[in-house]
Amino acid sequence: MNFDLQYFYEVAEKSDKRRQELKTEDDLPKLDDQKLLTGCREIGLVSDIGFQELELIRYMRNWASAAHPNQAELNGLQLANWLSVCIRNVITLPYDHITAEVKRLLVKVKEQRLDDTTIREITAFFVNLPAAQADPLASGLFGRYTDLTTTQDTLDNILRLWPALWNRTSDEIRYNFGFRLGRFRANGDQAEATLARQLIDLVDGAAYLTVEERSWEIDSTLDELRDVHFAWSNFYNEPPVARRLREVVGQNSAIPASLDRKYVLGLVEVFLTNGSGVAVSADPIYQELIEKFTPEQASVALRSFTDPDVVAKLHRPLSRQKWAQLLQIIGHKLTGRNERELFDAVQAFAGEPFQLAKDAGIKLQLQRFPN
């Protein structure tokens, strides 16, 4: 209660639904002792060693008491020692430096609009903040930002601090934010979901969204990319959409199975250009994403010459040059025997690429692949 009760609840109770029941000090007894101890450890009120000692006391209280049949015999010295542990590790334990700084930070964020000097001081504090302290702090600020009762000044403070704090957090807590956004949507809490998405978008964190959220995001971004690709000023409009696609796909490039074919064909189509010129700022992004194709995705890309939209592009000289570049990029990814033989046949084809699908020999090879 002397530290920051709302922050503690955000860290100690992982369930969004149960956390809504925790508001004041009178709600503390609603937390079981395990969550109470773990939450205190995570925000720095209890040291790791102190936590282990208190865990032992909790265990012995539960299983060595008269309420449970057992063979344990406790004496006054043990009880006195455990009391000493509680006094030393809880009642008289001073805040360490980082915990004290976090407390001051939380007070500032909540009580006043931070000026530029204070923002710089706090972000400098984040530079050396270990993930063990950064994760709980980020979780607490995330919860505060998505609380509909938070004042606008506090929201603005969190927005200004969030990018620097995000750089110190672990992937585990980042994925947790994506899960929490998904739960908001599933529960119909659209206002909270909007706020959560603001924080995730601020740090280009779309790669940490849930599969369902990423599926929708990838699908809509592919549609938008295709729209700007065929519209006026595509050289100007494609790069920001391409960057957003790279962001939501993420480092591991894991694409939901339902979108695999659309993703591959969409990238191939924009990589081949509109025939008039290359979108210079977007092209390296397309190449980067294609280089991350799995063998299965590379197989789809190899057979994209059967797609009518791709065929239409292959009538243009510039697109044929890009097709040759595409084959160079995906060639080493084709691991299956059928793929390798088709790749060799495509490379050896004497006609133009737009005629590939009409060749009798290549048609026979295509029959070996599933539709």
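The rules behind the values
Residues numbered from 1 in each chain as written. Predicted model: local features only at pLDDT ≥ 70, side-chain atom pairs only at ≥ 80, totals over all residues. Heavy atoms only, no water. Helix = DSSP H or I, 4+ residues; strand = E, 2+ residues; numbered from the N terminus. Rg over C-alpha atoms; globule rule 2.2 N^0.38 Å. Buried < 20%, exposed > 50% of the residue type's maximum accessible area, 1.4 Å probe, protein only. Contact = heavy atoms within 4.5 Å. Areas by Shrake-Rupley, 256 points an atom, 1.4 Å probe, with all protein chains shown as cover. Core = buried A, V, L, I, M, F, W, Y, C linked by side-chain atoms within 4.5 Å. Axes fitted to C-alpha atoms, helices over the stretch in contact; angles between N-to-C directions. Left-handed = near helix turned anticlockwise from the far one by under 90°. Patch = residues over 30% accessible without salt bridge, like charges linked within 9 Å, V, L, I, M, F, W, Y side chains within 5 Å. Salt bridge = Lys/Arg side-chain N within 4 Å of Asp/Glu carboxyl O. Phe/Tyr/Trp six-rings, centres within 6.5 Å; stacked < 30°, edge-to-face > 60°. Expected span 1.5 Å × (residues − 1). Bend = angle between axes of the 7 residues up to and from the residue. Disulfide = S-S within 2.5 Å. Lys, Arg positive; Asp, Glu negative; His and termini not counted.

### A look at the overall build of the chain
And then number 1: On a plain count of helices and strands, the chain comes out with 20 helices and zero strands.
And then number 2: Relative to a compact globule of 371 residues, whose C-alpha radius of gyration would be 21 Å, the chain shows 28 Å and is clearly more extended.
And then number 3: Looking at the chain as a whole, 46% of its 371 residues qualify as buried.
And then number 4: When contacts within the chain are restricted to residue pairs at least 6 apart in sequence, long-range pairs at least 24 apart make up 69% of them.
And then number 5: Counting only carbon and sulfur atoms, one obtains 53% of the accessible surface of the chain, whose full area is about 19,500 Å².

### Comments concerning the nonpolar core
And then number 1: Counting 101 residues, the largest nonpolar core has Leu137, Trp162, Leu245 and Tyr263 as the members making the most contacts within it.
And then number 2: Per-element tally for this core: the top contributor is helix 14 (residues 260–271), with seven residues.
And then number 3: Filtering out sequence-adjacent residues up to four positions away, Leu245 remains in contact with Ile218, Thr221, Leu222, Leu225, Tyr263, Leu267 and Leu289.

### A look at the packing of helix 15 (residues 283–291) against helix 18 (residues 317–330)
And then number 1: Contact geometry for helix 15 and helix 18: axes closest at 9 Å, N-to-C directions at 35°. Note that helix 15 runs across helix 18; the crossing there is right-handed. On the side of helix 15, the interface is formed by Asp283, Gln287, Ile290 and Glu291, while helix 18 contributes Lys322, Gln325, Leu326, Ile329 and Ile330.

### Here we look at a nonpolar patch on the surface
And then number 1: Taken together, the side chains of Leu83, Ile87, Val90 and Ile91 make up a nonpolar region of the molecular surface, amounting to roughly 380 Å² of accessible area.
And then number 2: Along the chain, Ile91 turns up in helix 5 (residues 76–91).
And then number 3: Given the relative accessible area of 65%, Ile91 is considered exposed.

### Focus: the packing of aromatic side chains
And then number 1: Across all of its chains, the model carries eleven aromatic pairs by this definition.
And then number 2: For the pair Trp162 and Phe177, a centre-to-centre distance of 5.5 Å together with 50° between the ring planes defines the contact as tilted. With Trp162 in helix 9 (residues 152–166) and Phe177 in helix 10 (residues 171–186), the pair connects residues that are 15 residues apart, well separated along the chain. Of the two residues examined, Trp162 and Phe177, each falls in the buried class.

### Considering the environment of Phe349
And then number 1: Turning to its location among the elements, Phe349 is positioned in the loop between helix 19 (337–348) and helix 20 (360–366).
And then number 2: By relative accessible area, Phe349 is classed as partly exposed at 22%.
And then number 3: On a C-alpha basis, the gap between Phe349 and Ile362 in space is 9.2 Å, while along the polypeptide they are 13 residues apart.
And then number 4: Ignoring sequence-local partners within four residues, the contact set of Phe349 consists of Gln355, Leu356, Asp359 and Ile362.

### Notes on helix 9
And then number 1: Here helix 9 spans 21 Å end to end across 15 residues, near enough to the 21 Å set by a 1.5 Å rise per residue.
And then number 2: The largest bend in helix 9 amounts to roughly 35° and is located at Arg160, with the proline Pro163 lying one to four residues further along.
And then number 3: Taken residue by residue, helix 9 has Thr154, Leu155, Asp156, Asn157, Ile158, Leu161, Trp162, Leu165 and Trp166 as its buried positions.

### Points about the pattern of salt bridges
And then number 1: Taken as a whole, this structure holds 27 salt bridges when the rule is applied.
And then number 2: Notably, a salt bridge pairs Glu55 with Arg58, separated by 2.8 Å at the nearest N-O pair. Here the residue Glu55 and the residue Arg58 both occupy positions in helix 4 (residues 48–63), the gap between them amounting to three residues, near one helical turn.
And then number 3: A salt bridge links Arg113 to Asp153; its shortest N-O distance comes to 2.7 Å. Of the two residues, Arg113 is situated in the loop between helix 6 (97–111) and helix 7 (116–126) and Asp153 in helix 9; the sequence distance between them amounts to 40 residues.
And then number 4: Through salt bridges with shared partners, one network takes in Arg185, Arg197, Asp201, Glu213 and Glu217.

### Concerning the state of the cysteines
And then number 1: Counting across every chain of the model gives zero disulfides.
And then number 2: Cysteine Cys40 remains unbridged, with the sulfur of Cys86 as its closest cysteine sulfur at 12 Å.

### Considering unusual backbone geometry
And then number 1: If you check the backbone angles, Asp204 has positive phi at about 50° while not being a glycine.
And then number 2: Position of Asp204 among the secondary structure elements: in the loop between helix 11 (190–202) and helix 12 (211–229).
And then number 3: Asp204 sits in the exposed class, given a relative accessible area of 51%.
And then number 4: Non-glycine residue Thr273 carries a positive phi angle of around 70°.

### Let's talk about the environment of Phe142
And then number 1: With respect to the secondary-structure elements, Phe142 resides in helix 8 (residues 131–145).
And then number 2: In this structure the C-alpha to C-alpha distance between Phe142 and Tyr7, which are 135 residues apart in sequence, comes to 9.8 Å.

### Section: the side chain of Glu247
And then number 1: Here Glu247 shows up in helix 13 (residues 234–249).
And then number 2: For Glu247, which is buried and forms no salt bridge, the nearest opposite charge comes from Arg197, at a distance of 5.7 Å.
And then number 3: If we ignore the near neighbours within four places in the chain, the residues touching Glu247 are Asp204, Gly205, Ala206 and Ala207.

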